[in-house]
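Structural description and commentary
Letter by letter, the chains look like this.
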Amino acid sequence: MWRSRVCESVFMRFQHLIITSKKEAVQWCPEQCVEMGEGITTQWILLTFLQDQKCSNQEYKKELDTLENELNKKRPVISNYSSLWSNNQEHFSDGDDGELQTDGHFCSDIRNICREMQPDVQGNAVDVGAARQIAANLIEIADQLNQSVVSRASDNLVRRMQTRISQDWTGLLSSEVERLMWQGIPGLQQFPQEKVMLTLTMVLVQNIGVHAPTLLRSFFSTAVQYINENLQNFIRDQGGWGGI
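Reading the values: rules and limits
- Numbering of residues starts from 1 in each chain and follows the order in which that chain's sequence is written.
- Local features in this predicted model are restricted to residues of pLDDT 70 or higher, and side-chain atom pairs are both shown and tallied only at a pLDDT of 80 or more, whereas totals for entire chains, interfaces and linings draw on every residue.
- The side-chain figures draw on all heavy atoms in the structure; neither hydrogens nor water molecules are used.
- Confidence scores per residue from the predictor, reported as pLDDT, run from 0 to 100.
- Residues are treated as being in contact if the distance between any of their heavy atoms lies within 4.5 Å.
- Think of a nonpolar core as a cluster: buried Ala, Val, Leu, Ile, Met, Phe, Trp, Tyr and Cys residues, connected wherever their side-chain atoms sit within 4.5 Å.
- A simple rule labels every residue: compare its accessible area, found with a 1.4 Å probe on the protein chains alone, to the largest value its type can have, and call it buried under 20%, exposed over 50%, or partly exposed in between.
- Numbering goes from the N terminus for both helices and strands, where a helix is a DSSP run of H or I of at least four residues and a strand is a run of E of at least two.
- Any Lys or Arg side-chain nitrogen located within 4 Å of an Asp or Glu carboxyl oxygen qualifies as a salt bridge.
- For this analysis, a polar contact is any N or O atom pair within 3.5 Å, provided that within protein one partner can donate a hydrogen and the other can accept it, and provided that sequence-adjacent residues contribute only side-chain to side-chain pairs.
- A helix is expected to span 1.5 Å multiplied by its residue count minus one.
- Inter-axis angles, ranging from 0 to 180 degrees, are taken between N-to-C directions of lines fitted to C-alpha atoms, where helices are fitted over the stretch in contact.
- Roughly parallel means an angle under 35 degrees; roughly antiparallel, over 145; roughly perpendicular, 65 to 115; everything else is oblique.
- In this scheme the handedness of a crossing depends on how the near helix is turned from the far one: anticlockwise by less than a right angle means left-handed, clockwise means right-handed.
- Three categories are distinguished: nonpolar for Ala, Val, Leu, Ile, Met, Phe, Trp, Tyr, Cys and Pro, charged for Asp, Glu, Lys and Arg, and polar for the others, with Gly belonging to the last.

**Description of the confidence of the model for the chain**
Of the residues in the chain, 62% reach a pLDDT of 70 or more, and the chain-wide mean stands at 75. Note that residues 17-39 has pLDDT below 50 and, in this model, 42 contacts with residues that lie over four places away or in other chains. Throughout residues 113-126 the model reports pLDDT below 50, and contacts reaching past four residues in sequence, or to other chains, amount to 14 contacts.

**Some details on the nonpolar core**
Phe49, Leu50, Leu138, Met202 and Trp241 are the most contacted members of the largest nonpolar core, which has 54 residues in total. Per-element tally for this core: the top contributor is helix H8 (residues 193-211), with 9 residues. Setting aside residues no more than four positions away along its own chain, Leu138 makes contact with Ile45, Phe49, Lys195, Leu198, Thr199, Met202, Trp241 and Ile244.

**Some thoughts on the pattern of salt bridges**
Tallied over the full model, the rule gives 7 salt bridges. Where Glu63 meets Arg217, a salt bridge forms, and the shortest distance between an N and an O atom there is 2.9 Å. Separated by 154 residues along the polypeptide, Glu63 in helix H3 (residues 58-74) and Arg217 in helix H9 (residues 216-230) bring together distant segments of the chain. Residue classification places Arg217 among the partly exposed residues on the basis of a relative accessible area of 31%. Linked by salt bridges that have partners in common, Glu63, Glu70 and Arg217 make up one network.

**With respect to the side chain of Glu63**
Given a relative accessible area of 13%, Glu63 falls into the buried group. Separated by 2.9 Å, the side chains of Glu63 and Arg217 make a polar contact. Aside from chain neighbours lying at most four places away, what touches Glu63 is Pro213, Leu216 and Arg217.

**Some thoughts on the environment of Ala153**
Its location among the elements puts Ala153 in helix H6 (residues 147-161). Among the residues examined, Ala153 registers a relative accessible area of 0% and is labelled buried. When near neighbours in sequence (up to four residues on either side) are disregarded, Ala153 contacts Glu176, Arg179, Leu180 and Leu204.

**What about H9?**
If you check H9, its first and last C-alpha atoms are 21 Å apart, about what 15 residues at 1.5 Å a residue would give, namely 21 Å. When we look at burial in H9, the residues that qualify are Leu216, Phe219, Phe220, Thr222, Ala223, Val224, Tyr226, Ile227 and Asn228. Each element contacted by the buried residues of H9 is listed here: helix H2 (42-51), H3, H6, helix H7 (169-183), H8 and helix H10 (232-237).

**Focus on the packing of H2 against H9**
Between H2 and H9, the shortest axis-to-axis distance is 10 Å and the interhelical angle comes to 125°. In terms of orientation, H2 and H9 fall into the oblique class. The two elements H2 and H9 meet at a crossing, and its hand is right-handed. Facing Thr42, Gln43, Leu46, Leu47 and Leu50 of H2, the residues of H9 in contact are Leu216, Phe220, Ala223, Val224, Ile227 and Asn228. In the contact of H2 with H9, the residues fall into 8 nonpolar, 3 polar and no charged.

**Description of H7**
In this model, H7 (15 residues) spans 21 Å end to end at C-alpha, consistent with the 21 Å of a helix rising 1.5 Å per residue. Of the surrounding secondary structure, the elements contacted by the buried residues of H7 are H6, H8 and H9. One or two steps after H7, the chain reaches Gly184, where phi turns positive at roughly 100°.

**Thoughts on the packing of H2 against H8**
The geometry of H2 relative to H8 is characterised by a closest axis approach of 10 Å and an angle of 55° between their N-to-C directions. Viewed along their axes, H2 and H8 adopt a mutual orientation that is oblique. Read as a crossing pair, H2 and H8 show a hand that is right-handed. Where H2 abuts H8, its residues Ile45, Leu46, Phe49 and Leu50 lie against Met202, Val203, Val205 and Gln206. Within the contact of H2 with H8, the residues separate by chemical class into 7 nonpolar, 1 polar and no charged.

As structure tokens, this is what we get:
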């Protein structure tokens, strides 16, 4: 009987964690957010792309650090699942399989769910390496872009952004990317058009962040929205971010 009461109590705590983390997950990653199997989102790929390129602008680096801190605060805390399982696993021994508790749930149900969460918790350590590899692939393409063309496009975007509210920036970014693609990007014909658009978008974020650091965080959100709204089908067709 005491084990039933303990199991019921732990199950209620587990339900609370699920509800809380679901709310956090909605705030962190809205419906249009594109994810890969390892749980990496567009935000982290773009941030890693920006961080993994050399830049001597200290104000830009400070803005990147602030951006990373903000994203970490919004990230769902799933380690609580691991803690819940570790602290109470003695109540979920294999001998409890099939034991119906007073609330109608099985202790084994909780045990299995907790165990299923473990790969996700451990997987966070893998995400950093995967994000860096994806960013490195995109940086290789970025290095082939004509920097004078990108600089002119960035300057043009900044001028237009300064006369428009941030809600209009996604449209401005979309227009600039489309204009550049229509003009043609020499030397990148071997890459899918969508991959060039993805790389170009990230390079524009970098250029604008370097030359106008105060605009970085707002324009970062603009770029994430643009990628998720316009390139998510391409990313999914590649099997997720891991195929980029």
